[in-house]
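Chain by chain, the residues run as shown.
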Amino acid sequence: MTPKERVMALFKRKPIDTMPIFSGLSMLAKPALDEAGYSFPSIHTDHERMARAAIRSSRMMNVDCIVVPFDITMQSEALGNRVNFYEDASDLVFPTIPEKIWETLGDVEIPDNVFDRGRHHLIPKALEIIKREAPEYPIGVWLRGPMTQLGQILELETVLKALFKQKDEIAAILDKLSDMAIKIGRAWQQAGADYITLSEPGANAEVLSPRMFKKLIQPRLTRILQAWDFPRVLHISGASDPLVEMMSQCNADALGVDIKNTLRETREKLGPDVLLFGNFDVYDLPC
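The model shown is predicted, which means the values in this text are computed figures rather than measured ones. (Residues numbered from 1 in each chain as written. Predicted model: local features only at pLDDT ≥ 70, side-chain atom pairs only at ≥ 80, totals over all residues. Heavy atoms only, no water.)

*Asks:* Can you help me understand the overall build of the protein in this one?
*Replies:* In terms of regular secondary structure, the protein is built from 11 helices and 6 strands. Expected size for 287 residues packed as a compact globule is a radius of gyration near 19 Å; at 18 Å, the protein falls within 12% of this value. Projected onto its principal axes, the C-alpha positions of the protein cover 50 × 50 × 35 Å. Here the protein, with 287 residues, has 53% of them falling under the buried criterion. Summarising the internal contacts of the protein: among those between residues at least 6 apart in sequence, 67% fall at separations of at least 24. Here the protein has roughly 13600 Å² of accessible surface; of this, 49% comes from carbon and sulfur atoms. A distance of 4 Å separates the average location of the 34 positive side-chain charges in the protein from that of its 40 negative side-chain charges. (Helix = DSSP H or I, 4+ residues; strand = E, 2+ residues; numbered from the N terminus. Rg over C-alpha atoms; globule rule 2.2 N^0.38 Å. Buried < 20%, exposed > 50% of the residue type's maximum accessible area, 1.4 Å probe, protein only. Contact = heavy atoms within 4.5 Å. Areas by Shrake-Rupley, 256 points an atom, 1.4 Å probe, with all protein chains shown as cover. Lys, Arg positive; Asp, Glu negative; His and termini not counted. Charge placed at Lys NZ, Arg CZ, Asp CG, Glu CD.)

*Asks:* Looking at this model, I keep getting lost on the nonpolar core. Mind explaining?
*Replies:* A general tendency of soluble globular proteins is for nonpolar side chains to be buried together. Among the nonpolar cores identified, the biggest contains 75 residues, and Val 68, Leu 150, Phe 213 and Ile 217 are the most heavily contacted of them. Ignoring sequence-local partners within four residues, the contact set of Ile 217 consists of Met 147, Leu 174, Glu 200, Ala 203, Leu 208 and Met 212. Grouped together as the second largest cluster of nonpolar side chains are 15 residues, Leu 10, Phe 22, Trp 142 and Tyr 195 included. (Core = buried A, V, L, I, M, F, W, Y, C linked by side-chain atoms within 4.5 Å.)

*Asks:* Help me understand the pattern of salt bridges in this model?
*Replies:* Side-chain pairing between opposite charges can occur once the charged atoms of the two side chains come close. All told, the structure shown has 18 salt bridges when counted by the stated rule. The shortest N-O distance in the salt bridge between Glu 48 and Arg 52 comes to 3.7 Å. Of this pair, Glu 48 and Arg 52 both sit in helix H3 (residues 47–61), 4 residues apart, which is roughly one turn of that helix. The partner of Glu 77 in a salt bridge is Arg 119, with the nearest N and O atoms 2.5 Å apart. Highlighted residues: Glu 77 in helix H4 (residues 74–78) and Arg 119 in the loop between H4 and helix H5 (122–133), separated in sequence by 42 residues. (Salt bridge = Lys/Arg side-chain N within 4 Å of Asp/Glu carboxyl O.)

*Asks:* Before we go on, may I ask you to explain the sheet that holds strand E5 (residues 254–257) in this structure?
*Replies:* The strands that make up a sheet are held in pairs by hydrogen bonds between backbone atoms, and each pair lies either parallel or antiparallel. In space, the 6 strands of this open sheet follow the order E1-E2-E3-E4-E5-E6, with parallel pairing throughout. Both edges of this open sheet fall to strand E1 (66–67) and strand E6 (276–278), since each of them pairs with a single strand only. Across 4 bridges, the pairing between strand E3 (residues 195–199) and strand E4 (residues 232–236) is parallel. Across the sheet, Ile 196 pairs through a bridge with Arg 232, a residue of E4. Most of the contacts of H5 go to strand E2 (residues 139–144), to which it runs at about 160°, and overall it touches E1 and E2. (Pairing = 2+ DSSP bridges. Axes fitted to C-alpha atoms, helices over the stretch in contact; angles between N-to-C directions.)

*Asks:* Which parts of the structure should I look at to understand a nonpolar patch on the surface?
*Replies:* On the surface, a nonpolar cluster with roughly 490 Å² of combined accessible area is contributed by Phe 280, Val 282, Tyr 283 and Leu 285. Among the structural elements, Val 282 can be located in the segment after E6. (Patch = residues over 30% accessible without salt bridge, like charges linked within 9 Å, V, L, I, M, F, W, Y side chains within 5 Å.)

*Asks:* Help me understand the environment of Met 247 in this model?
*Replies:* With respect to the helices, strands and loops of the structure, Met 247 is situated in helix H10 (residues 244–247). Sequence-wise, Met 247 and Ser 42 are 205 residues apart; in three dimensions their C-alpha atoms are separated by 36 Å. The contact partners of Met 247, leaving out residues within four places of it in the chain, are Phe 213, Leu 234, Ile 236, Ser 240, Leu 255 and Gly 256.

*Asks:* How do you make sense of unusual backbone geometry when you look at a structure like this?
*Replies:* Where the residue is not glycine, phi is negative for most of them; where a peptide bond is considered, it is trans in most cases. In this chain, Val 68 is followed by Pro 69 through a cis amide linkage whose omega measures -5°. As for its position among the elements, Pro 69 is in the loop between E1 and H4. Residue Asn 279 is not a glycine yet carries a positive backbone phi of 55°. Mapped onto the elements, Asn 279 comes out in the segment after E6. In this structure Asn 279 comes out as partly exposed when scored by relative accessible area, which is 23%.

*Asks:* What should I look at first to understand the packing of aromatic side chains in this one?
*Replies:* What describes a pair of aromatic rings is the distance from one ring centre to the other and the angle between the planes of the rings. This model, assessed by the stated rule, comprises 7 aromatic pairs. Seen in terms of ring centroids, Phe 11 and Tyr 195 are 5.7 Å apart; in terms of plane orientation they differ by 40°. Their pairing is tilted. Residue Phe 11 is located in helix H1 (residues 3–11), and its partner Tyr 195 is located in strand E3; the two are separated by 184 residues in the primary sequence. Summarising the burial analysis for this pair, Phe 11 and Tyr 195 share the class buried. (Phe/Tyr/Trp six-rings, centres within 6.5 Å; stacked < 30°, edge-to-face > 60°.)

*Asks:* Looking at this structure, I do not really get H5. What am I missing?
*Replies:* In an α-helix, one turn spans 3.6 residues, which is why side chains three or four residues apart end up on the same side. In a regular helix each residue adds 1.5 Å, so 12 residues correspond to 16 Å; H5 covers 17 Å between its end C-alpha atoms and thus fits that length. All buried positions along H5 are accounted for by Leu 122, Ile 123, Ala 126, Leu 127, Ile 129 and Ile 130. Viewed end-on, H5 has its buried residues packed into an arc of 165°, placing them on one side of the element. Those residues of H5 that are exposed and aimed more than 90 degrees away from the buried face are Glu 128 and Arg 132. (Expected span 1.5 Å × (residues − 1). Arc of directions from axis to C-beta.)

And the structure:
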C-alpha cells in the first residue's frame, strides 16, 4: 500500500498491510532543510519552501504523511499580532508572538474575514504543490483549539484569571475563536487536505479541571469537529487521563494523547474500538 492508502484505510477501519507511522502535527527534519538550502524562518512565509520542506522531511524520515503548517502563530497573526520569525537566530527557533496587541478580554475583536488575513492563503498553495509532487502521501493540516488560541492573543495570566472571574466573557470569545477554526479548517479541507487535527494543549488536565473542561471546552471542540469533514483527530498534549472519556464524545474520528497520558488506563476507559494515537516520546526516542 502507498502511505496514503494505508493511512486513509486505517481511518476507515479497513485492513492495512502494516501499521502506519504518521502525525497530525507538523514534522520537520533539519537535514532536509540543509539539503534544500532553506533557512528555518523562510519555510513559514513561502508556500513553495513550506511544501518542499515538508515533502523532503517525510521522505527522509520514511514516515507515512506530510503535514503543514509548521508554526502555531498563523491565527494570532491574522488577528493583528506581530510574529517574530527569529530570522537572525543561529539555531532552529519556532516563531512566537512577542507582544500581544490586546490586554483584556474586552479588547478582543475577531474579524469575519480572518482567512483573508496573514498567511492563511499559503496553505492551499502548499497543498497544491504537495498533491502534485507527492501524490502517494496523505496530507494533514492542523489547528490549535480555541482555548490554546486564546493564549496566543492574550497573556496567560489574564486568561487564567478570566476563567474564574469573567466566565461569560471568556465563553463568548471562545465561541468566536471556534467559528474562526471552523472556517479555516473547512477552507484547508476544501483545498485538498486528507485529514485534519484539532490540537488543544491549552485545555489539558494540568490547566483545567475536568468540570471546567466539560462545561467550557468540550462543547466547543465538539462543534468544531462536527463542522469539519472526515477524518478528524482531536489531540490534547500534556496530562489528559481525566479527560479522555470526554474527548471521545467530541465527534473526533481518532484521539491523540501525550506521553504524560497513561495509555493502559486510557484504553480501558475508551474500550477497544476508538482509534488512539500518540503517547510517543518525540524527544528521547529519536535520539
